[in-house]
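Residue strings, one per chain:
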Amino acid sequence: MTEEEIFNKVKEIIVAQTGEDESAVTAQSKIKEDLNADSLDVFEVINELEDEFDIKIESEEGIETVQDLVDFVKKQLAAKEG
C-alpha cells in the first residue's frame, strides 16, 4: 500500500469522525488543534485505523498531525509484511 493510499484512508476516517471538510485535512493538519478533534474523536479514529489496517496503536503519544498517523500506519504495515 502506498503512502498516498494510506493518507487517503486516514483522511477519510478523520473526515467521517470529526465532520471536518475534506479540504481542511492535510498531512500537516494537527489532529486536535486544526481539526477540532477531542479525545473521543482521536480514540475513534485510532480504533477505525486499527480495524482498517489490522494493526495495533498502543498509544497516541507522539501523534499530533495527520502525517504522524500516516507514518505510524506505514511503519506498522511494513513491520507486519517484513
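Residues numbered from 1 in each chain as written. Predicted model: local features only at pLDDT ≥ 70, side-chain atom pairs only at ≥ 80, totals over all residues. Heavy atoms only, no water.

Colleague: Account for the nonpolar core, naming residues and giving values.
Modeller: Counting residues in hydrophobic clusters, the biggest one holds 24 residues, and the most contacted among them are Val10, Ile14, Leu49, Val66 and Leu69. Of all the secondary-structure elements, those providing two or more residues to this core are helix 1 (3–18), helix 2 (39–53) and helix 3 (66–81). At six residues, helix 1 tops the list of elements feeding residues into this core. Dropping the residues within four chain positions of it, Ile14 is found in contact with Gly19, Val25, Leu35, Val45, Val66 and Leu69. (Core = buried A, V, L, I, M, F, W, Y, C linked by side-chain atoms within 4.5 Å. Buried < 20%, exposed > 50% of the residue type's maximum accessible area, 1.4 Å probe, protein only. Helix = DSSP H or I, 4+ residues; strand = E, 2+ residues; numbered from the N terminus. Contact = heavy atoms within 4.5 Å.)

Colleague: Outline the packing of helix 1 against helix 2, listing residues and values.
Modeller: Relative to each other, helix 1 and helix 2 sit at 140 degrees, their axes nearing to 10 Å. In terms of orientation, helix 1 lies oblique with respect to helix 2. The chirality of how helix 1 crosses helix 2 is right-handed. Residues Ile6, Lys9, Val10, Ile13, Ile14, Gln17 and Thr18 of helix 1 form the contact with helix 2, whose own contacting residues are Asp41, Glu44, Val45, Glu48, Leu49, Glu52 and Phe53. (Axes fitted to C-alpha atoms, helices over the stretch in contact; angles between N-to-C directions. Parallel < 35°, antiparallel > 145°, perpendicular 65-115°, else oblique. Left-handed = near helix turned anticlockwise from the far one by under 90°.)

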